[in-house]
Amino acid sequence: MRYVIIGAGAVGGTIGVRLSEAGRDVTLVARGAHLAAIREHGLRLGTPDGEHLARLPAVGEPAPGEPPLTPDTVLVLTVKSQDTEAALRSWADLPVLGGGTAAQRLPLLTAQNGVANERAAARLFARVYPVCVWLPATHLEAGRVIASGHPYSGMLHLGAFPHGSDDLAHRISADLTASRLLAPVRDDVMRWKYGKLLRNLGNAVQALFGTPAGLEADRRTGPAEGADDRRAVQADLLAAVRAEGEAVLAAAGIPHTSEEEEAAERGDRVEPVPVAGQRRQGGSTWQSLARDAGSAETDYLNGEIVLLGRTHGVPTPANGAVQRAMRRAVRERIPAGAFPVADLTDQLGEVASSTS
């Protein structure tokens, strides 16, 4: 099988390089300075085991015949959720050798955070395979991705949408497993994705108020002024957004994995460890602010809980406040970890007063 990685950032770049190292045919899709760097120098993957350089075909906006889509091509969608619709429409109607279009004939893996991507993909693509991504990786520099998972770079649960599995899922799993990645096939893969959604509700909180690396530095050197307040707000918000998420999923009757089940599944097989002496700085949403990417995935993470809450009559003030704060951070280009604490706590207080 041939793999086209649509979005060669932290997750997509890691999967692409690992697949290529295992001898699979891989084409990367990227844009801007990242695309230019990959074309000129290759894609560098930093791991706990050292630096890997992969010189792979790389393209930007797709055009008919570039890359040539053959019936054995697997499309792997790894863009952030806010970019899903545009990516789907760019690829859906490209012709496949022998007749038909990509949306009609080719399998599409949605290796992304959130649970809205599969519904969007299924409106266009006949064969959608959700992937629950546990892959600690970082993309802050053009032409370079850091994958800090060890001894495996990541764990990618996959299955068919909306449920079940098939022979193709097992064949893809075998390719991924040969690539320093774990890839369990699950008939209930969306249950795993909803469990991951609950974890991802904290992504924006981390991006707004701090990073694991920053908190570790506090413990070594003593907290900076206001750090205690920020940590307290961060801890309270993390608990609140998770509690709201669990309440909403319960009201909607949507099953999800538990933290205990996930911990038992992962074990110590995908442990984030320092790469070249550096700990991972922050998650995917933190990286969007750190790169000044101009958008963030929060409307598809915390926003999914807000949507379900409105649908099922469950209040979600914490997720709504975090969602609005992140949009402001993107709009006003507030650096990662630097959002004014008082602005969010005041907003939460106003919400509580108006509903009491």
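What this report covers is the structure whose coordinates are included nearby. This structure is a prediction, so every number in the text was calculated from the model and none was measured. (Residues numbered from 1 in each chain as written. Predicted model: local features only at pLDDT ≥ 70, side-chain atom pairs only at ≥ 80, totals over all residues. Heavy atoms only, no water.)

**Section: the sheet that holds strand β10 (residues 144-147)**
Our working definition: By this definition, two strands are paired if DSSP reports at least two bridges between them. Elements are defined by DSSP. Helices are runs of H or I of four residues or more, strands are runs of E of two residues or more, and each kind is numbered from the N terminus. Axis geometry follows a simple rule: fit a line to the C-alpha atoms, using only the stretch in contact for helices, then measure angles between N-to-C directions, giving values from 0 to 180 degrees. Contacts were defined at the residue level, with two residues in contact if any of their heavy atoms lie within 4.5 Å.
Strand order in the open sheet made by the 4 strands is β4-β3-β10-β9, with mixed pairing throughout. At either margin of the open sheet sits one strand with a lone partner, and together these are β4 (50-54) and β9 (137-141). Mean inter-strand twist for the sheet, computed between neighbouring axes without regard to direction, equals 25°. Bridge count for strand β3 (residues 43-47) against β10 is 3 bridges, and the pairing is parallel. Residue Gly46 lies in a different strand from β10, and its bridge partner there is Ile146. In the packing of helix α2 (residues 32-41) onto the sheet, contacts are made with β3, β4, β9 and β10, and the angle to β3 comes to roughly 95°.

**Structural notes on the packing of aromatic side chains**
For clarity, the cut-off: Under the pairing criterion, centres of Phe, Tyr and Trp rings, with the six-membered ring standing for Trp, must be within 6.5 Å; the plane angle then separates stacked pairs below 30 degrees from edge-to-face pairs above 60, leaving the rest tilted. A 1.4 Å probe rolled over the protein chains alone gives each residue an accessible area, and that area as a share of the maximum for its type sets the label: buried under 20%, exposed over 50%, partly exposed in between. Look at NZ for Lys and CZ for Arg. If either is within 6 Å of the ring centre and within 35 degrees of the ring normal, a charge sits over the ring.
Throughout the structure, instances matching the rule amount to 2 aromatic pairs. Their ring planes at 85° and their centres at 6.2 Å tell us that Phe209 and Phe339 sit as a pair that is edge-to-face. Placement of Phe209 in helix α8 (residues 203-209) and of Phe339 in the loop between α14 (317-332) and α15 (341-355) is noted, with a sequence separation of 130 residues between them. Just as Phe209 is buried, Phe339 falls in that class too. Across from the ring centre of Trp134, 4.2 Å away, lies the NZ or CZ of Arg266, which sits over that ring.

**Regarding the pairing of strand β1 (residues 2-6)**
As a reminder, the rule being used: If the strands point away from the viewer and the path from the first strand over the helix to the second runs clockwise, then the crossover is right-handed.
Burial analysis of β1 places 5 of its 5 residues in the buried class, which makes it a mostly covered element. Residues Arg2, Val4 and Ile6 line one face of β1 and the alternating positions Tyr3 and Ile5 line the opposite face, and both faces are buried. Inspection of the sheet shows β1 paired to strand β2 (residues 25-29) by 5 bridges, in the parallel sense. Counted as the bridge partner of Arg2 is Asp25 from β2. Following the chain from β1 across helix α1 (residues 10-21) to the adjacent parallel β2, one finds a crossover that is right-handed. Relative to strand β6 (residues 73-77), β1 runs parallel, the two being bridged by 5 bridges.

**Details of the packing of helix α7 (residues 189-200) against helix α11 (residues 259-266)**
The line we're drawing: To sort the angles, those under 35 degrees are grouped as roughly parallel, those over 145 as roughly antiparallel, those from 65 to 115 as roughly perpendicular, and the leftovers as oblique. Classes in brief: Ala, Val, Leu, Ile, Met, Phe, Trp, Tyr, Cys and Pro nonpolar; Asp, Glu, Lys and Arg charged; the others, Gly included, polar.
For the pair α7 and α11, interaxial distance at closest approach is 11 Å and the crossing angle is 105°. Here α11 runs roughly perpendicular to α7, going by the angle between their axes. Facing Arg191, Trp192, Gly195, Lys196 and Arg199 of α7, the residues of α11 in contact are Glu259, Glu261, Glu262, Glu265 and Arg266. Partitioned by chemical class, the residues of the contact of α7 with α11 number 1 nonpolar, 1 polar and 8 charged.

**Re the nonpolar core**
To be explicit about the condition: To form a nonpolar core, buried Ala, Val, Leu, Ile, Met, Phe, Trp, Tyr and Cys residues must be joined to one another through side-chain atoms within 4.5 Å.
Residues Tyr3, Ile5, Ile15, Leu28, Leu156, Ile172 and Leu176 are the most contacted members of the largest nonpolar core, which totals 38 residues. No other element matches the 5 residues that α1 contributes to this core. In this structure, Met190, Phe209, Val314 and Phe339 belong to the second largest nonpolar core, which totals 35 residues.

**With respect to the pattern of salt bridges**
Under the convention used in this document: Throughout this description, the term salt bridge denotes a Lys or Arg side-chain nitrogen within 4 Å of a carboxyl oxygen of Asp or Glu.
Using the criterion set out here, one finds 20 salt bridges in the structure. Note that Asp49 and Arg180 form a salt bridge whose closest N and O atoms lie 2.8 Å from each other. Of this pair, Asp49 sits in the loop between β3 and β4 while Arg180 sits in the loop between α6 (167-177) and β13 (181-182), and the two are 131 residues apart along the sequence. When its relative accessible area of 45% is taken as the criterion, Asp49 is described as partly exposed. Among the ionic pairs, Asp299 bridges to Arg327, the shortest N-O distance being 3.1 Å. A residue pair is termed long-range when its members are at least 10 positions apart, and Asp299 in the loop between α12 (284-290) and α13 (302-312) and Arg327 in helix α14 qualify at 28 residues. One network of salt bridges, with partners in common, ties together Arg44, Glu51, Glu141 and Arg144.

**Examining unusual backbone geometry**
Peptide bonds are mostly trans, and most non-glycine residues show a negative phi. Following His150, the chain continues to Pro151 via a peptide bond in cis, the omega torsion being 5°. Residue position: Pro151 is located in strand β11 (residues 149-151). The omega angle of the peptide bond from Phe161 to Pro162 is 5°, so this bond is cis rather than trans. Among the secondary structure elements, Pro162 is positioned in the loop between β12 (154-158) and α6. Not every positive phi belongs to a glycine, and Arg333 is a case in point at roughly 55°. Topologically, Arg333 is positioned in the loop between α14 and α15. Classification of Arg333 as exposed rests on a relative accessible area of 59%.

Read these as geometric descriptors, not functional statements.
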